[in-house]
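Observations on chain architecture
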Protein chains: 2
Amino acid sequence: VGGQAGSEGRPGEPTCRSQRLMLQAGLIHPTSPGCYCYLPPTVRAMEKLIKVMDQEMQAVGGQKLNLPSLCSAELWRASGRWDQMGPELFRLQDRHNHGYCLGPTHEELVTALVASQSGLSYRQLPLRLYQVTRKFRDEPKPRFGLLRSREFYMKDMYTFDASEQAARRTYEQVCHTYCRLFTRLGLPFVKVRAATGSIGGTTSHEFQLPADVGEDRLALCPQGHFAANVEMLNGEQTSCPTCGEKLTESKGIEVGHTFYLGTKYSSVANAVFSSAQNKPQLAEMGCYGLGVTRILAASIEVLSTEDSIRWPSLIAPYQLCFIPPKRGSKEEEEGAALLEQVYDDLAQALPHLAGDSVLDDRSQLTIGKRLKDAKRLGYPYVVVAGKRVCEDPPVFEVWNQNASEVLFLSKEGVIELLSKVQVP
Amino acid sequence: VGGQAGSEGRPGEPTCRSQRLMLQAGLIHPTSPGCYCYLPPTVRAMEKLIKVMDQEMQAVGGQKLNLPSLCSAELWRASGRWDQMGPELFRLQDRHNHGYCLGPTHEELVTALVASQSGLSYRQLPLRLYQVTRKFRDEPKPRFGLLRSREFYMKDMYTFDASEQAARRTYEQVCHTYCRLFTRLGLPFVKVRAATGSIGGTTSHEFQLPADVGEDRLALCPQGHFAANVEMLNGEQTSCPTCGEKLTESKGIEVGHTFYLGTKYSSVANAVFSSAQNKPQLAEMGCYGLGVTRILAASIEVLSTEDSIRWPSLIAPYQLCFIPPKRGSKEEEEGAALLEQVYDDLAQALPHLAGDSVLDDRSQLTIGKRLKDAKRLGYPYVVVAGKRVCEDPPVFEVWNQNASEVLFLSKEGVIELLSKVQVP
């Protein structure tokens, strides 16, 4: 199994930092090219990320639904994408020889759903429907672990408005929400103009995390006036259209993509609402994607050091690791009891962190060895019962990994420090 | 699209109560035979059900992971299931002509994962790994809505133990957990002996909800000494082997299935651990499934009345519906304000219910019409600002749907009543 997955890069060799770190830490396990098992810490991070997405999507009026993976060939032929998508589409036939594809996105299905709601009135618009589901894409070169896989999770939202003006407003609102989401995650991102590709429509932006391993090339104005995927430039454009400064180039990992679709899909499915004049009118659509599993890997790619994972604090699988003294040390008994007291008081004062804590009770190992593991795995905070735990009052060693600092704190100080830690 | 889905039963005609009620209430929308969009209230119920499952699985030491849908043909050929499953397996080829199936269950993948963990020690066992993911099965006759669909969600757990004795203990513990889960949901269930089918193994039980529409036939001792799927009886058996009473027959909907697998899969994948004697030894396995979307539909099937949905209270999409007075009624203004006060006080006293409440502000409709809708949709509680809301002190009408009773209560009485309502 592992051998087959090795067809990414040289056999068995990870091709980027996030893939290497995630494999080493046991966060993912390859099964087939571009297909991975997500192991328990990854599922925890993913569920937290989905919670953040739910909050943001619902803040902008999103309603969550869930669409099937099996999409009928008829529906995709009607939109033209059955032929257009070519070999990127996984295709199959059922026992009655009906054709299906495994949905990479769901414009066709969701538009057919809205078209089926007879009696939809302009008063019920906008509709903002989203899902967080597994998607499929038969990539020519699956690689970079979860950055470019063939099976992945995506948050996709589809919006239906009564006019182009309203749909443009929706577009701005969702883009704004995406910016807020990446800001909450503490990720450095740029929003760039982008091509509409196989999805279609007339306006499109990508949300990119600058990174050398990124597969997109971005042209950026150093003053921030202009940002585009280079695919959008005409050949000669080398300076900012606003201030004239020379554009700089950066590579980026695409983590979000927005499209203003107009009536491309609603006209095919006849997705109409009745207007204020009681006339049937085509809905103006937009679609908006965020790569869930890709954001996990891209975060690790851009935040981590060479040998230590760093998560966005908000979605780290666990916020806290507790390390009691080594077995047989002179602090062993008292230190373990005092550390347990920190945990108990913490669970009382900050109950949301109780389930986000791990006790590394492999006390046959030195503190140093366990601390190294904890740093490698990317717990935002590590609380150690070290040499000074037997002082009066006891002093705990707290590693704030994302700030790369160590603090020596009393029990109350530890709880005070951790009171600012958020879980979604 | 709807037409194609009509191939279940007569064209366009739902074939059982849950399917009819779920279609009428806009909970599901068919796309292809046996494939459904789950609309927002269904997603809410499903997410609550998954939360209950997470609680129960984690209480028994379960660790949540997530396995790919695309399962390589090689892996399935090795276990023998590639041929054995026949046309029930959705099969496809990727762009390099490698064969895959869409996983209906994941014994092969999870066993390969465990086999890849070199250095697994008996001290790390038992391992109890589970996921809640979309599964695929090309049913010969998809029908009954979410009761027998081709794409569905399943909670599947796979356990790895160091000895048969330990694995039998795990089996009992997981069965016990399943019983507790169905009890928490308030569902009448029976645990019956069952055949092992294409999964294999030596011991198996099904968890069945008795219902006429069920596709399994069960033989039950009226005293509760014996319960089996009739497939397990030898031809002549008509009485209880313990007390001799005549067995009664009932139909059932299978909502859970447990298998003691032994080494059927671990021997194929060489999933070993090192024993206390430091010898490699095959893990003893079990697997355990709960149909997530099937439980939603089966609950509605067995709890609902002819024209009104009843959910297990714990997982109802929303716990509460508030109905303010009709527009233009003499209670309109005061009643709406008083009802809002109930909501505000409730949100303060019982914050977990704040997001579980719906305000039916279609005040152009009579209270009676909206109450009928609320009953049809299955809110466990409906709070109405009716005629008596202008009394001093104000009296609210509270419909407890699952108990089929109406109560007339003060604001404090409403909050007192609702304080016992649980959300997972």
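Only a predicted model underlies this, so the values are computations on that prediction, with no experimental measurement involved. (Residues numbered from 1 in each chain as written. Chains lettered and ligands numbered in written order. Predicted model: local features only at pLDDT ≥ 70, side-chain atom pairs only at ≥ 80, totals over all residues. Heavy atoms only, no water.)

Describing the overall build of chain A
Counting its regular elements, chain A contains twelve helices and 21 strands. With respect to the three principal axes, the spread of C-alpha positions in chain A is 80 × 60 × 50 Å. The buried share of chain A, reckoned over its 424 residues, is 56%. In chain A, the proportion of contacts linking residues at least 24 apart, taken out of those at least 6 apart, comes to 68%. For chain A, the accessible surface area stands at approximately 17,200 Å², while carbon and sulfur atoms represent 49% of it. Positive and negative side-chain charges in chain A, numbering 47 and 48 respectively, have mean positions lying 3 Å apart. (Helix = DSSP H or I, 4+ residues; strand = E, 2+ residues; numbered from the N terminus. Buried < 20%, exposed > 50% of the residue type's maximum accessible area, 1.4 Å probe, protein only. Contact = heavy atoms within 4.5 Å. Areas by Shrake-Rupley, 256 points an atom, 1.4 Å probe, with all protein chains shown as cover. Lys, Arg positive; Asp, Glu negative; His and termini not counted. Charge placed at Lys NZ, Arg CZ, Asp CG, Glu CD.)

So, the domain arrangement of chain A
Residue and element names in this part refer to chain A. Looking at chain A, the domain boundaries give domain 1 (2-303) and domain 2 (318-418). Each of domain 1 and domain 2 has a C-alpha centre, and the two are 40 Å apart. The partner domain 2 presents six residues to the four residues of domain 1 that form the contact. Both faces combined, the contact of domain 1 with domain 2 buries some 410 Å², and carbon together with sulfur accounts for 41% of it. The largest per-residue losses of area from domain 1 upon contact with domain 2 belong to A25, R44 and K48, which jointly make up 80% of the total buried on that side. Between domain 1 and domain 2 we count two salt bridges in total. In this structure, R44 engages D356 in a salt bridge whose closest nitrogen and oxygen atoms are separated by 3.0 Å. (Domains from an automatic or database assignment. Buried area = accessible area lost by both parts, 1.4 Å probe. Salt bridge = Lys/Arg side-chain N within 4 Å of Asp/Glu carboxyl O.)

Remarks on the packing of aromatic side chains
What describes a pair of aromatic rings is the distance from one ring centre to the other and the angle between the planes of the rings. All names here are of chain B. One pass over the full model with this rule turns up 14 aromatic pairs over all chains. Each ring, one from F182 and one from F189, has its centre 5.6 Å from the other, and the planes form 40 degrees; the classification is tilted. On the basis of relative accessible area, F182 is assigned to the buried category, the value being 0%. Note on F322 and Y343: the rings are 5.9 Å apart at their centroids and 85 degrees apart in plane angle, and the pair reads as edge-to-face. Of this pair, F322 sits in strand β17 (residues 320-323) while Y343 sits in helix α10 (residues 332-349), and the two are 21 residues apart along the sequence. Residue classification places F322 among the buried positions, given a relative accessible area of 3%. Given a relative accessible area of 28%, Y343 falls into the partly exposed group. (Phe/Tyr/Trp six-rings, centres within 6.5 Å; stacked < 30°, edge-to-face > 60°.)

Details of the relation of the copies chain A and chain B
Once chain A has been moved 0.0 Å along the axis and rotated by 180 degrees, it coincides with chain B to within an RMSD of 0.0 Å. Such a combination of rotation and displacement between the chain copies is what one expects of a two-fold axis. Minimal C-alpha separation from the rotation axis in chain A is found for A:L92, amounting to 2.6 Å. Same-surface contact between copies: 100% of interface residues of chain A are shared with the interface of chain B. (Least-squares fit on C-alpha atoms with pLDDT ≥ 70 in both.)

Let's talk about the sheet that holds β17(B)
Residue and element names in this part refer to chain B. With respect to topology, five strands assemble into an open sheet ordered β18-β17-β19-β20-β21, the strand pairing being mixed. Here the strands that pair on one side only, and so sit at the sheet edges, are β18 (357-359) and β21 (405-409). Sheet twist, expressed as the mean angle between neighbouring strand axes with direction ignored, is 20 degrees. Inspection of the sheet shows strand β20 (residues 396-400) paired to β21 by five bridges, in the antiparallel sense. Counterpart to F396 in the pairing with β21 is L409. Along the sheet, α10 contacts β17, β18, β19 (381-384) and β20; its crossing angle with β17, the most-contacted strand, is approximately 155 degrees. (Pairing = 2+ DSSP bridges. Axes fitted to C-alpha atoms, helices over the stretch in contact; angles between N-to-C directions.)

Side note on the packing of helix α3 (residues 40-59) of chain A against helix α9 (residues 292-303) of chain A
Residue and element names in this part refer to chain A. Two numbers describe how α3 lies on α9: the axes approach to 10 Å, and their chain directions differ by 115 degrees. Here α3 lies roughly perpendicular to α9, going by the angle between them. As α3 packs across α9, the resulting crossing turns out to be right-handed. Where α3 approaches α9, its residues T42, A45, M46, L49, I50 and M53 are matched on the opposing element by V292, T293, I295 and L296. By residue class, the composition of the contact of α3 with α9 is eight nonpolar, two polar and no charged. (Parallel < 35°, antiparallel > 145°, perpendicular 65-115°, else oblique. Left-handed = near helix turned anticlockwise from the far one by under 90°. Nonpolar A, V, L, I, M, F, W, Y, C, P; charged D, E, K, R; others polar.)

A closer look at the side chain of B:S79
All names here are of chain B. For S79, the location among the structural elements is in helix α4 (residues 73-79). In this structure S79 comes out as buried when scored by relative accessible area, which is 14%. In this structure the side chain of S79 is engaged in a polar contact, spanning 2.6 Å, whose partner is the side chain of E108. Not counting the four nearest positions on each side in its chain, S79 is found in contact with E108, Y265 and V268. (Polar contact = N/O pair within 3.5 Å; in protein donor to acceptor, adjacent residues only side chain to side chain.)

Things to note about unusual backbone geometry
With an omega of 0 degrees, the peptide bond running from A:D392 to A:P393 counts as cis. A positive phi angle, near 60 degrees, is found at B:F144, a position not held by glycine. Its location among the elements puts B:F144 in the loop between β7 (127-136) and β8 (151-161). Owing to a relative accessible area of 10%, B:F144 belongs among the buried residues under this scheme. The phi dihedral of B:S404 falls on the positive side, at around 50 degrees, and the residue is not glycine.

Observations regarding the packing of helix α3 (residues 40-59) of chain B against helix α7 (residues 164-184) of chain B
Residue and element names in this part refer to chain B. Where α3 meets α7, the axes come as close as 10 Å, and the angle between the chain directions of the two elements is 150 degrees. Judged on the interaxial angle alone, α7 and α3 are roughly antiparallel. The two elements α3 and α7 cross, and the hand of that crossing is right-handed. The segment α3 lies against α7, with V52, M53, Q55, E56, M57 and A59 engaging T177, Y178, R180, L181 and R184. Residues that form the contact of α3 with α7 fall into these classes: six nonpolar, two polar and three charged.

Points about helix α2 (residues 17-24) of chain A
Residues and elements named next belong to chain A. Considered for burial, the residues of α2 that qualify are S18, Q19, L21 and M22. Each element contacted by the buried residues of α2 is listed here: β1 (28-32), β2 (35-38) and α9. With its phi angle positive at about 70 degrees, G26 sits one or two positions after the end of α2.

Remarks on helix α12 (residues 411-418) of chain A
Turn by turn, an α-helix covers 3.6 residues, leaving residues three or four places apart pointing in a common direction. Buried residues of α12(A): A:G413, A:V414, A:I415, A:L417 and A:L418, and no others. Check the buried side of α12(A) and you find it contacts β17 (320-323), α10 (332-349), β19 (381-384), β20 (396-400) and β21 (405-409) of chain A.

As for the interface of chain A and chain B
With 49 residues of chain A at the contact, the number on the chain B side is 49 residues. When chain A packs against chain B, the two sides together hide about 4,100 Å² of surface, and 57% of this comes from carbon and sulfur. Seen at the junction of chain A and chain B, the total is four salt bridges. Measuring nitrogen to oxygen at the nearest pair gives 3.0 Å for the salt bridge that ties B:R150 to A:D94. Taken together, chain A and chain B are joined by 22 residue pairs in polar contact (both at pLDDT 80 or more). Here the side of chain A that touches chain B is composed, by residue class, of 26 nonpolar, eleven polar and twelve charged.

A look at the sheet that holds β20(A)
Residue and element names in this part refer to chain A. Across the sheet, which stays open at both edges, the five strands sit in the order β18-β17-β19-β20-β21 with mixed pairing between neighbours. With partners counted over all chains shown, the strands left at the sheet margins are β18 (357-359) and β21, one partner each. The average undirected angle you get between the axes of adjacent strands in this sheet is 20 degrees. Judged from the four bridges that link them, β17 and β19 form a sheet pairing that is parallel. Bridging from a neighbouring strand, I323 pairs with V384 of β19. Packed on one face of the sheet, α10 meets β17, β18, β19 and β20 and runs near 155 degrees to β17. Packing of helix α11 (residues 367-377) onto the sheet brings it into contact with β17, β19 and β20, and relative to β17 it is tilted by some 170 degrees.

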